Amino acid sequence: MMFKPKIIGFVCNWSQPTTLNSAGTGRIWGYPRIRFVRVMCIGRIDPVAVLETFAKGADGVLLIGCHPPDCHYVEGNLQTEYTVEILKKLIPLAGLEPERVKLLWYSPSEKQSFGQHVKDFYEQVKNFGPSPLRNEQPQSKLMLNILATKNVASDFRLRVLLGREKELTEGVNVYGEHIPKEELDATFDDIIREEFVRHMFYLLTKTKPFSVKELAETVGMKPAAVLRQIVNMRRRNMIILDHVEGTTPFYKALEVK
Amino acid sequence: MTVISCALEKKRKLPPCRAACPADVNVQGYISLLQQGKFKEAVELIRKSMPFPAICGRICVSPCQDACSRKNSDQPVGIRYLKRLAADIEREQGRIKPDSILKKHGEKIAIVGAGPAGLSAAYELAKLGYPVTVFERMPEPGGMMRYGIPDYRLRKYVVANEIAYIQDLGVEIETGVEFGKDITLDTLRDKGYRAVFIATGAQLSSKLGIPGEDLHGVFHAVEFLRLVAQGKTVDIGEKVAVIGGGNSAIDAARTSLRLGAKEVTILYRRSRNEMPALPHEIEAAEEEGVKFHFLVAPKRIIGEGTRVKEIECLRMELGKPDASGRKRPVPIQGSEHTYTVDTVIPAISQVVETSCLPTVLLDERKETILADSLTLETKILGVFAGGDIATGPASVIEAIGAGKRVATSIDRFLNGQDLHAGREEETESVSWVKDWEKITKKPERYKAPQVDVGRQSVSFEEADRLLSQAKELATVEARRCLGCGPCSECLLNEGLCDADKAIVDETLCTGCNVCAVVCPFGAIKKNERGVAQVDDLSCKGCGICSARCPEKAIIMERFTDDQIRTDISYALKKEFA
Ligand SMILES: Cc1cc2nc3c(=O)[nH]c(=O)nc-3n(C[C@H](O)[C@H](O)[C@H](O)COP(=O)(O)OP(=O)(O)OC[C@H]3O[C@@H](n4cnc5c(N)ncnc54)[C@H](O)[C@@H]3O)c2cc1C
């Protein structure tokens, strides 16, 4: 049977390319397999929500907002650009092609070119094939991966930087500070790399106690690097020593109540 | 909260456009609808505030546009054009019929004068369920919209259409009935009318008061335009001098050209800067070849027999500003000069025709009717007056505003309620924009045709293409609106939008300030405890703060995270066709 992708399109109240039903969900004409979720502004979409959508088995996610100078809320679409940039860094960690998420601008005056963009996206997702997360079990490695990215997207440091991205890169904060975009990008990469591993360890040790060696094998890292993280996580009260087998310590996630 | 800020809170905060509109039209609201391409809903929203979207879309003096804060960055939003297009598109679909309204009340109301003031009052009262009759002395209703403003600016059928809508609501219009002759306050009372609204406007042109004004070939503007509007032939010859600098002077001049005059000159006693006519009207007149002579005033009109031959004028210079704030023109001694003309059209102003009115109603100088500025009551109980008759010549939108106010007064009067209570609402014009430098400049995108072009025959396909092109441009133009006003000023109160609001969970807030940084409207600030506080009036509910809050401490009232999660699951689970 031919693969038919399931696509979720987040759409803002002011640029709805389709008539949505009262539940806020609807379809776009000609693309019955793209389902819409409406919010007031596309800037309302938290990166976490997009990752959750993938975790729930969507094959692709569209974010649809108004053209940059036309946002009803002035900057919602700019914020969405930042969101999408972060998502493109996060979803490969979960084994998904970054092109499975796409940001599109819509205005009623360009129905045709918009239709073409939607079509292109649809075809692209179709070529990728079904999302590997489609029928995954909750405890599978892939599932843990996407959950870890979700946790990364919830990370305090990352979100503070994301919230201040405009201020920092455009030098508009009170101190007139200006950070080159590349530098901020590198910082994001660092945070994501570090936090992802940390959250992977956390999620893995939540399923059962792990030794450093086992963890290193599961995620493909050097044991020394894993140990550094473990020390770090113990300090942060994310993980505790569960038991010792011979001389090997086993660690378990500390669940916060 | 201090006493002062308490008092300030009471002021209703409005976007500048709406605050400037005498008829309180929800401008920001219908522009938002147009942003979404909802043309039909936009007209319906306008019609909630007044019955003349197509008329005002053409000839309104649009104080909203003058007030539009977008001018601080580039140009105001083209509000009038947008309104016109929305109204015209609705018309394209055929005759618009309102749902009929149940007559809830028995008290009959008489309205004298079917101009915008009278008709708007009739419209509002009919919507409230009162039986209303409008008495009009001319053969057609519409007032100056029908017999003053020329056809090329405002087609008669446009006026007729919008009046038909009011009649469909159940308003009776009796034409050919003159107040002061066929009916009086007494006869109306005898016929059982419980309240009367006198809205007979300012029908007479002011006289220049110079020798020769009664010669053949002198037409006063309003009477001249009325004759033309009635389709009567007016012989104006080749050379026409129009005297005055207001809109009726421009209208008389442009109409003269259309009647075949070869040379039309406007004589104005001040300079161009002081002309009260609308700038685009002046430009249009210039483009059509109307000439302007500034700083000249007529001294006398010279005849040959009983017919006009020349007009003698004096040059003026501008002195100190007068009461109106404009520089007072002062004649220069010995500067007499003459122009040869066939026709002179004095168009300096209009006055109220007081002869048909009971003298008790007039002001001291017997020039206008005296009416309370808030309730529009006159000295006689149950009799109200408004529009040009009370203000002197003004504008359609002001007349509409007066009509609306009278409707409220009459409704209260008939229900034995206080006419004044709670009506002196203080409003404040606001805009969330603090720094205009940060607003992206956007050039004006949509301009409707100034003049109604004659019906050209185009194919269906072509018409369709032109229409969708106009719609597209209009949508883009509407998106230049910054939405200055508080969120609820837009569509929430109309039930056309499920606007959202941000709420801070103070127990979770760490005071990182990200929300305050991302909020495009400056609606979030930290309080003295370092906890984020949302200002409800400034919050427009976009939810960007909620999407960025590192601690998930900002919850949206409508589109909660849970709601979005549910929507996603629902969308994914539903059978994908
Ligand atoms: C040439 C001209 C151009 C204008 N252009 C514009 C413009 O572009 N934009 C704008 O906003 N405004 C314009 N105006 C002003 C605007 O038309 C008026 O301010 C507005 O029409 C006033 O409304 P009203 O209802 O008070 O009076 P009117 O419109 O004058 O209506 C009064 C009605 O009462 C009737 N009436 C009078 N006496 C009696 C009686 N005794 N018995 C029965 N009925 C009677 C009249 O026939 C008339 O129908 C223009 C005015 C003129 C003269």
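Residues numbered from 1 in each chain as written. Chains lettered and ligands numbered in written order. Predicted model: local features only at pLDDT ≥ 70, side-chain atom pairs only at ≥ 80, totals over all residues. Heavy atoms only, no water.

Peer 1: Which residues make up the overall build of chain B, and what are the values?
Peer 2: Within chain B one finds 20 helices and 21 strands. The C-alpha atoms of chain B give a radius of gyration of 27 Å, which matches the 25 Å a tight globule of 577 residues would have. Out of the 577 residues belonging to chain B, those deemed buried represent 54%. A fraction of 71% describes how many contacts in chain B between residues 6 or more apart in sequence connect residues 24 or more apart. (Helix = DSSP H or I, 4+ residues; strand = E, 2+ residues; numbered from the N terminus. Rg over C-alpha atoms; globule rule 2.2 N^0.38 Å. Buried < 20%, exposed > 50% of the residue type's maximum accessible area, 1.4 Å probe, protein only. Contact = heavy atoms within 4.5 Å.)

Peer 1: So what's going on with the pattern of salt bridges? Residues and values would help.
Peer 2: Scanning all chains against the criterion turns up 49 salt bridges over all chains. For E214 of chain A, the salt bridge goes to K208 of chain A, with nearest N and O atoms at 3.9 Å. Residue K208 of chain A is classed as partly exposed on the basis of its relative accessible area, which comes to 39%. Here D24 of chain B makes a salt bridge to R18 of chain B, at a shortest N to O gap of 2.9 Å. The class for R18 of chain B is buried, based on a relative accessible area of 11%. Each member of the salt-bridge network shares a partner with another, and the members are R153, D251, R254, R258, E281 and E288 of chain B. (Salt bridge = Lys/Arg side-chain N within 4 Å of Asp/Glu carboxyl O.)

Peer 1: Tell me about the interface of chain B and chain A, and name the residues and values.
Peer 2: On the side of chain A, 50 residues touch chain B, which itself brings 51 residues to the contact. Both sides of the chain B and chain A interface together cover about 4500 Å² of buried area, and 59% of this is carbon and sulfur. The tally of links from chain B across to chain A stands at 3 salt bridges. For D46 of chain A, the salt bridge identified is with K552 of chain B, shortest N-O distance 2.6 Å. Counting across the interface, chain B meets chain A through 15 residue pairs in polar contact (both at pLDDT 80 or more). Looking at the side of chain B that touches chain A, the elements that each hand over two or more residues are α3 (27-35), α17 (460-478), α18 (514-518), α19 (544-548) and α20 (561-573) of chain B. When residues in the side of chain B that touches chain A are grouped by element, the largest group, 9 residues, is from α20 of chain B. Taken together, the residues that form the side of chain B that touches chain A break down as 24 nonpolar, 12 polar and 15 charged. (Buried area = accessible area lost by both parts, 1.4 Å probe. Polar contact = N/O pair within 3.5 Å; in protein donor to acceptor, adjacent residues only side chain to side chain. Nonpolar A, V, L, I, M, F, W, Y, C, P; charged D, E, K, R; others polar.)

Peer 1: So what's going on with the domain arrangement of chain B? Residues and values would help.
Peer 2: Residues and elements named next belong to chain B. Taken domain by domain, chain B comprises domain 1 (13-96 + 431-478), domain 2 (108-203 + 352-414), domain 3 (205-348) and domain 4 (496-576). Each of domain 1 and domain 4 was reduced to a C-alpha centroid, and the two centroids are 32 Å apart. Contacts between the two partners involve 5 residues from domain 1, matched on the other side by 5 residues from domain 4. For domain 1, the biggest contributors to the area lost against domain 4 are K13, L33 and W432; these three give 70% of the whole. For the pair domain 1 and domain 4, the interface holds 0 salt bridges. Put simply, domain 1 and domain 4 have 0 residue pairs in polar contact (both at pLDDT 80 or more) between them. (Domains from an automatic or database assignment.)

Peer 1: Lay out the sheet that holds strand β6 (residues 210-211) of chain A in plain terms, naming residues and giving numbers.
Peer 2: All names here are of chain A. The antiparallel open sheet is built from 3 strands, whose spatial order is β6-β8-β7. The outermost strands of the open sheet, each flanked by one partner alone, are β6 and β7 (239-245). Sitting on the sheet, helix α9 (residues 223-235) is in contact with β7 and β8 (248-253), with an inclination near 125 degrees to β7. (Pairing = 2+ DSSP bridges. Axes fitted to C-alpha atoms, helices over the stretch in contact; angles between N-to-C directions.)

Peer 1: Explain the pairing of strand β4 (residues 60-65) of chain A to me, using residue names and the numbers behind them.
Peer 2: Residue and element names in this part refer to chain A. With 6 of 6 residues buried, β4 lies mostly within the body of the structure. Neither face of β4 is open: one carries G60, L62 and I64, the other V61, L63 and G65, and all of them are buried. Both strand β1 (residues 7-12) and β4 contribute to a ladder of 5 bridges, which runs parallel. Each bridged residue has a counterpart across the sheet, and for I7 the counterpart in β4 is G60. Where β4 meets strand β5 (residues 101-105), 5 bridges bridge the pair, whose relative direction is parallel. Across the sheet, residue G65 finds its bridge partner in β5, namely W105.

Peer 1: Run through the domain arrangement of chain A, naming residues and quoting values.
Peer 2: All names here are of chain A. Here the domain parsing of chain A yields domain 1 (7-128) and domain 2 (155-253). The partner domain 2 presents 13 residues to the 12 residues of domain 1 that form the contact. For the pairing of domain 1 and domain 2, the buried interface totals around 1100 Å² over both sides, and the portion due to carbon and sulfur atoms is 60%. Of all residues in domain 1, Y82, I86 and K89 give up the largest surface area on contact with domain 2, accounting jointly for 49% of the area buried on that side.

Peer 1: Give me the lowdown on α3 of chain B, citing residues and values where you can.
Peer 2: In an α-helix, one turn spans 3.6 residues, which is why side chains three or four residues apart end up on the same side. The buried count for α3 of chain B comes to 9 of 9 residues, which makes it a mostly enclosed element. Here α3 of chain B starts with a cap whose side-chain oxygen sits 2.8 Å from the backbone nitrogen of G29 of chain B, and that cap is N26 of chain B.

Peer 1: Describe helix α12 (residues 221-229) of chain B, naming the residues involved and giving the relevant values.
Peer 2: Residue and element names in this part refer to chain B. Along α12, the residues that are buried comprise A221, V222, F224, L225, R226 and A229. Where α12 is buried, its residues touch α9 (144-147), α10 (156-168), β6 (204-205), α13 (247-258), β14 (343-346) and β15 (350-351). Directly after α12, the chain includes G231, whose backbone phi takes a positive value near 80 degrees.

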